[in-house]
Amino acid sequence: PGPIHKDLNALKWIIGKWGSIKAEGSFPTIESFKYCEEISFTSVGQPVLNYSSLSWHPIKLNPMHLESGFLRVKPGTNQVSFMVAHNFGLTSLEEGCFTENKLEVKSSRIERMHFAKDPKVLEIVRTYELLQDGNLELILSMSTTNTPLTQHLKVQYLKCLL
Ligand code: HEM
């Protein structure tokens, strides 16, 4: 990891590589499932964190959902913009703010490849929270053309690397 930009000081708690200890997915239209995931928020000295997520099937081990993006802080504020590309043909711009233990973002724009699978995702809302025990929790909800805003993912991560 590079030096941490001063605008990221208040968001230091999220920096690092995190591995899931419990990851569950659900949605009204699908069977609930468990998965494994590794995410990282890495500093390279800019007022932005490089983000990546790789998830895989807990038994078959095949890759599942992948994400790559940037979490940029508006200098001198607690506002962020999270730009994410998803392997299933979608990009999301998610905006929000953070505190000393929570980061909440909500999509302001979602674009998709013209042949991306239906249903269309209309909204993404995610909250990362640093828990008392030092683990990180993610709750992610989405709405689609078929389903109103409903939780899709709940994950607890353990920090693996600074
Ligand atoms: C299903 C979106 C993250 C695994 C779906 C569906 C959508 C979706 C639209 C179809 C729902 C339906 O048919 O009504 C998203 C979005 C994500 C996300 C926007 C992140 C922002 C993940 C992650 C995993 C995952 C991290 C981890 C493995 C699945 C599985 C299904 C599913 C297994 C059911 C099978 C399938 O349709 O492929 N997701 N997903 N999703 N998602 Fe996600």
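Placed above this text is the structure.
By convention here, each chain's residues receive numbers from 1 onward along its written sequence. Local features in this predicted model are restricted to residues of pLDDT 70 or higher, and side-chain atom pairs are both shown and tallied only at a pLDDT of 80 or more, whereas totals for entire chains, interfaces and linings draw on every residue. The side-chain figures draw on all heavy atoms in the structure; neither hydrogens nor water molecules are used.

(A) Seen up close, the overall build of the protein chain. Starting at the N terminus, helices and strands are each numbered in turn, a helix being any DSSP run of H or I of at least four residues and a strand any DSSP run of E of at least two. Helix and strand counts for the protein chain stand at zero helices and 11 strands. Start at the N end of the protein chain and walk to the C end: the helices and strands fall as β-β-β-β-β-β-β-β-β-β-β. Restricting the calculation to C-alpha atoms gives the radius of gyration, and the globule rule supplies 2.2 Å times the number of residues raised to the power 0.38. For the protein chain, whose C-alpha radius of gyration is 15 Å, the value lies close to the compact-globule estimate of 15 Å for 162 residues. With a 1.4 Å probe rolled over the protein chains alone, any residue whose accessible area is under 20% of its type maximum counts as buried; one over 50% counts as exposed, and the rest are partly exposed. The proportion of buried residues among the 162 residues of the protein chain is 40%.

(B) Representation of the layout of surface pockets within the structure. With a 1 Å grid spanning the protein atoms alone, the term cavity applies to any set of points in which a 1.4 Å probe fits but cannot get out, the term pocket to an open set with protein on both sides within 12 Å along at least five of seven lines, and the term lining residue to any residue with an atom within 4 Å of a point. Grid points are joined across faces, edges and corners, and a volume is the space filled by probe spheres set on the points. The computed volume of the largest pocket comes to approximately 820 Å³. Looking at the largest pocket, it is lined by 29 residues, and the ones nearest its centre are Ile30, His65, Phe88, Met142 and His152. Taken together, the elements giving at least two residues each to the lining of the largest pocket come down to strand 2 (30–34), strand 4 (48–56), strand 5 (63–73), strand 9 (121–130), strand 10 (136–144) and strand 11 (150–161). Nonpolar residues are Ala, Val, Leu, Ile, Met, Phe, Trp, Tyr, Cys and Pro. Charged residues are Asp, Glu, Lys and Arg, and all others, Gly as well, are polar. Of the residues assigned to the lining of the largest pocket, the class counts are 14 nonpolar, 10 polar and five charged.

(C) Summary view of the packing of aromatic side chains. Paired rings are identified among Phe, Tyr and Trp, the last through its six-membered ring, by centres lying within 6.5 Å, and are further divided according to the angle between planes into stacked (under 30 degrees), edge-to-face (over 60) and tilted (the rest). One pass over the structure, following the stated rule, counts five aromatic pairs. Between Phe41 and Tyr128 the ring centres are 5.6 Å apart and the planes differ by 90°, which places this aromatic pair in the edge-to-face class. With Phe41 in strand 3 (residues 36–43) and Tyr128 in strand 9, this pair connects stretches of sequence that are 87 residues apart. With respect to burial, Phe41 and Tyr128 carry one shared label: buried. Following the ring pairs from residue to residue traces out a cluster consisting of Phe41, Tyr51, Phe82 and Tyr128.

(D) Geometry of the site of the ligand. Neighbouring the ligand are 19 residues, the closest being Thr29, Phe33, His65, Met142 and His152. Within the contact set of the ligand, a nitrogen atom lies 3.0 Å away from a side-chain nitrogen or oxygen of His152. In a pocket analysis with a 2 Å cut-off to the grid points, the ligand is assigned to the largest pocket. Looking at the shell around the ligand element by element, the count peaks at three residues for strand 5. Considered class by class, the residues forming the shell around the ligand number 12 nonpolar, five polar and two charged. For each residue, the test is whether any non-hydrogen atom lies within 4 Å of the molecule or strand; if one does, the residue is near. Definition of a polar contact: a pair of N or O atoms within 3.5 Å, with one able to donate and the other able to accept a hydrogen when the atoms are protein atoms, and with sequence-neighbouring residues admitted only if both atoms are side-chain atoms. Being in a pocket or cavity means that more than half of the molecule's atoms lie within 2 Å of its grid points.

(E) Region of interest: the pairing of strand 10. Counting buried positions over the nine residues of strand 10 gives eight, a clear majority of the element. One requirement defines pairing of two strands: DSSP has to find at least two bridges between them. Both strand 9 and strand 10 contribute to a ladder of nine bridges, which runs antiparallel. Paired with Arg126 across the two strands is Leu140, which belongs to strand 10. Between strand 9 and strand 10, which follow one another and run antiparallel, lie five residues, and Gly134 among them has a positive phi close to 90°. With seven bridges joining them, strand 10 and strand 11 adopt antiparallel strand pairing. Looking at the pairing, Leu138 lines up with Val155 of strand 11.

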